[in-house]
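Spelled out from the first residue to the last, the chains are:
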Amino acid sequence: MRVVIAEDLALLRDGLIRLLEAHEFTVVAAVESGPQLRDALVEHRPDVAVVDVRLPPTFTDEGLQAAIEARGQVPGLPILVLSQHVEQLYARELLSDDRGAVGYLLKDRVFDVGQFLDAVRRVAEGGTAMDPAVISQLLAKHGDEGPMASLTPREQEVLAEMAEGRSNSAIAGRLFITEKAVSKHINNIFTKLDLPPSTDDSRRVRAVLAWLNNN
């Protein structure tokens with residue numbers, strides 16, 4: 001699996017390269033600025049990009065904007081964003097494209113190797129990988145507003161677990177309910193969000209993105 005990395009801190013950039021290459025990823029480019037990232041994404045069209053939000057020259061949202069611009073030229077390009085803190089504005093901007101293949105993790109998650117690698121793979125496969133801290137803040141701030149208000153508390157819990165990329169069996173284990181109950185909740189979510197029939201994976205991604213975009 002081919003990866004582009006964008007990180008301005010040399011030690012972390014080198015660590016990401018070593019970590020990914022040790023787990024059978026191929027790093028085709030490792031850059032440290034927004035312009036370099038944009039060029040690398042368009043040139044290499046990787047299976048997934050791991051991108052720091054704040055890059056030179058502005059150290060604001062340079063990495064995110066370069067990634068979004070590249071997705072405009074390479075539709076659906078998988079992007080996993082890393083951020084030092086939960087920044088809802090950045091999460092919302094990334095998620096405004098409803099094609100999936102996006103993720104938002106805090107940098108601390110990199111130290112949980114299994115969780116980080118799982119997130120990279122999920123995004124590369126077209127899914128979502130949202131940091132639990134981001135989801136918690138969105139729920140706390142906007143859980144009772146907008147079209148998502150029609151979802152029951154349990155359905156919101158299930159959808160939050162889906163946003164983290166968990167399977168039905170994993171959701172069942174986390175919420176201490178049966179897989180049959182999880183399937184029922186997910187079908188209710190699809191119905192309430194008016195998602196037309198399609199492949200299960202596609203509907204899951206669209207449900208997650210609809211929820212996150214409305215939060």
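Before reading on, note that the structure itself is shown above.
Each value, and the rule that gives it
- Residues numbered from 1 in each chain as written.
- Predicted model: local features only at pLDDT ≥ 70, side-chain atom pairs only at ≥ 80, totals over all residues.
- Heavy atoms only, no water.
- Pairing = 2+ DSSP bridges.
- Helix = DSSP H or I, 4+ residues; strand = E, 2+ residues; numbered from the N terminus.
- Axes fitted to C-alpha atoms, helices over the stretch in contact; angles between N-to-C directions.
- Contact = heavy atoms within 4.5 Å.
- Expected span 1.5 Å × (residues − 1).
- Buried < 20%, exposed > 50% of the residue type's maximum accessible area, 1.4 Å probe, protein only.
- Right-handed = clockwise from strand over helix to strand, strands pointing away.
- Parallel < 35°, antiparallel > 145°, perpendicular 65-115°, else oblique.
- Salt bridge = Lys/Arg side-chain N within 4 Å of Asp/Glu carboxyl O.
- Core = buried A, V, L, I, M, F, W, Y, C linked by side-chain atoms within 4.5 Å.

(A) Fine view of the sheet that holds strand 1 (residues 2–6). Spatial strand order, 2-1-3-4-5-6: 6 strands in an open sheet with parallel pairing. Each of the sheet's edge strands pairs with one partner strand only, and the pair in question is strand 2 (26–31) and strand 6 (128–130). Within the sheet, the average angular offset between the axes of one strand and its neighbour, ignoring direction, is 20°. Judged from the 4 bridges that link them, strand 3 (residues 48–52) and strand 4 (residues 79–83) form a sheet pairing that is parallel. Pairing of Ala49 across the sheet is with Ile79, part of strand 4. Contacts between helix 5 (residues 113–124) and the sheet are confined to strand 3, strand 4, strand 5 (102–106) and strand 6, with strand 4 contributing the most and set at about 145° to the helix.

(B) Seen up close, helix 5. The terminal C-alpha atoms of helix 5, which comprises 12 residues, lie 17 Å apart, in line with the 16 Å expected from a rise of 1.5 Å per residue. Among all positions in helix 5, only Phe116, Leu117, Ala119, Val120, Arg122 and Val123 are buried. Directly after helix 5, the chain includes Gly126, whose backbone phi takes a positive value near 100°.

(C) Quick peek at the pairing of strand 5. Within strand 5, 5 of the 5 residues are buried, which leaves it mostly tucked inside the rest of the structure. Bridge count for strand 4 against strand 5 is 5 bridges, and the pairing is parallel. Paired with Leu80 across the two strands is Gly103, which belongs to strand 5. Of the strand pairs in this sheet, strand 5 and strand 6 are connected by 3 bridges, and their pairing is parallel. Across the sheet, the residue bridging to Tyr104 is Met130, located in strand 6. For the handedness criterion, the β-α-β arrangement of strand 5, helix 5 and strand 6 is classed as left-handed.

(D) Geometry of the packing of helix 1 (residues 10–22) against helix 5. Here helix 1 crosses helix 5 at 75°, and the two axes come no closer than 12 Å. Considering their axes alone, helix 1 and helix 5 lie roughly perpendicular with respect to each other. Residues Leu16, Leu19 and Leu20 of helix 1 form the contact with helix 5, whose participating residues are Val113, Phe116 and Leu117.

(E) Representation of the pattern of salt bridges within the structure. With the rule as written, the count across this model stands at 11 salt bridges. The partner of Asp14 in a salt bridge is Arg18, with the nearest N and O atoms 2.8 Å apart. With Asp14 and Arg18 both in helix 1 and 4 residues apart, this pair spans about one turn of that helix. Of the residues examined, Arg18 reaches a relative accessible area of 58% and is grouped as exposed. Two residues, Asp118 and Arg122, come together in a salt bridge whose shortest N-O distance is 2.2 Å. Placement of the pair is Asp118 and Arg122 together in helix 5, with a separation of 4 residues, close to one helical turn. Overall, Asp118 belongs to the partly exposed group, its relative accessible area being 36%.

(F) Structural view of the nonpolar core. Core analysis: the biggest nonpolar cluster contains 45 residues, and Leu37, Leu41, Ile79, Met162 and Ala207 have the highest contact counts within it. For this core, the leading source of residues is helix 7 (residues 153–163), giving 5 residues. Excluding residues that lie within four positions of it along the chain, Leu37 makes contacts with Val4, Ala6, Val31, Val51, Leu55, Gly63, Ala66 and Ala67. Val48, Val50, Leu80 and Val120 belong to the second largest nonpolar core, which has 19 residues in total.

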